Amino acid sequence: MDCVIFEDQFVEDNSPTTVSRPAFDVTCGTSTLYSTARGLAERVSLLMRDYLEPVFGLRFASDELPGGPVLYLNAALVPDAEMLSRAFALAEKGEPFLATHGRRVSAAFLPGGPLDEDGITPESITPLLLERKLPLHADEFPTIDYPFDIVRYHMEIFHGAIEKLAEKGSYRKLADNVYVGEGVKIAESAVFHADDGPIVLEDDVTIMDFAYLVGPLYIGRKSKVIERSSVKEGTCIGHTCKI
């Protein structure tokens, strides 16, 4: 199944989170919408604000779609793998649908192929989808509408997301419920407590002396936790961070 991830006219309501990045690059749980959709779709095409294109058009691959059925996903969707799997499964049935969340179109399926209007922008795509008068689907696929929603949905999906990541990811099991990627450096004096959930360290993470880590916890690649830092449960640290 091909998909289009699109920013819409409401994306700036999530400022400052989305001022310097596309909405599909906001981490919630343990992932972003882009990376989650990449794991489900055959091809992914992107629609973002013009001023982001020069940088993020290089960072994220946007595929040419050959035509045929396409699932449209709002870039502000919560990147919950189970929810997105439901959307893809619904599209696989082949029936057109449109789903909303509040004032936004959160998802839409066009079995006849992608929108073919010229010059589609984040401001115009929602009206174009609504003009198709697709059958309204009852399932609301929630979107991150404001910055505080990131925290709200993170707390809802984080535990399940990191359990699944630890179970299915290609990590080395360092200890009970502690999983590490390649090139991870951990000081002997660092302390891990993973009784209440897994601790996942991505590639090239550094944990320095006397750091104290409590799961469930996720630390992205090339991040560093410095001496005597305490990082507690429910925390998700992105890539290349210093704590």
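Everything that follows concerns the structure shown earlier in this document.
Just so it is clear, the model here is predicted, and its values are computed rather than measured.

1. A word on helix α3 (residues 81-92)
The end-to-end C-alpha separation of α3 is 16 Å, in line with the 16 Å expected for twelve residues at 1.5 Å each. Looking only at α3, the buried set comprises Met83, Leu84, Ala87, Phe88, Leu90 and Ala91. Down the axis, α3 shows its buried residues gathered within 160° of arc, on one side only. Facing away from the buried side of α3, by more than 90 degrees, are the exposed residues Glu82 and Glu92. Downstream of α3 by one or two residues, Gly94 has phi in the positive range, about 90°.

2. Topic: the pairing of strand β2 (residues 43-47)
With four of its five residues buried, β2 lies for the most part within the structure. The sheet contact formed by strand β1 (residues 2-6) and β2 spans five bridges and is parallel. Its bridge partner lying in β2, Val4 is registered against Ser45. Of the crossover connections in this fold, the one passing from β1 over helix α1 (residues 33-38) to the parallel β2 is right-handed.

3. Looking at the environment of Leu90
In this structure, Leu90 sits in helix α3. Judged by relative accessible area, which is 17%, Leu90 ranks as buried. Sequence separation of Leu90 and Leu71 is 19 residues, and the distance between their C-alpha atoms is 9.7 Å. Apart from residues lying up to four places away in sequence, Leu90 is in contact with Phe97 and His137.

4. What about the pattern of salt bridges?
On inspection of all chains with the given rule, the structure shows eleven salt bridges. Asp8 is paired through a salt bridge with Arg104; the nearest N and O atoms lie 2.8 Å apart. Remark: Arg104 occurs in strand β5 (residues 104-110) and Asp8 occurs in the loop between β1 and α1; sequence separation between them is 96 residues. Relative accessible area serves as the criterion here: at 1%, Asp8 is assigned to the buried category. One salt bridge connects Arg59 with Asp25, and the closest N-O pair in it is separated by 3.4 Å. Residue Arg59 is located in helix α2 (residues 53-59), and its partner Asp25 is located in the loop between β1 and α1; the two are separated by 34 residues in the primary sequence. When its relative accessible area of 46% is taken as the criterion, Arg59 is described as partly exposed. The exposure class of Asp25 is buried, given its relative accessible area of 9%.

The rules behind each value
- Residues numbered from 1 in each chain as written.
- Predicted model: local features only at pLDDT ≥ 70, side-chain atom pairs only at ≥ 80, totals over all residues.
- Heavy atoms only, no water.
- Helix = DSSP H or I, 4+ residues; strand = E, 2+ residues; numbered from the N terminus.
- Expected span 1.5 Å × (residues − 1).
- Buried < 20%, exposed > 50% of the residue type's maximum accessible area, 1.4 Å probe, protein only.
- Arc of directions from axis to C-beta.
- Pairing = 2+ DSSP bridges.
- Right-handed = clockwise from strand over helix to strand, strands pointing away.
- Contact = heavy atoms within 4.5 Å.
- Salt bridge = Lys/Arg side-chain N within 4 Å of Asp/Glu carboxyl O.

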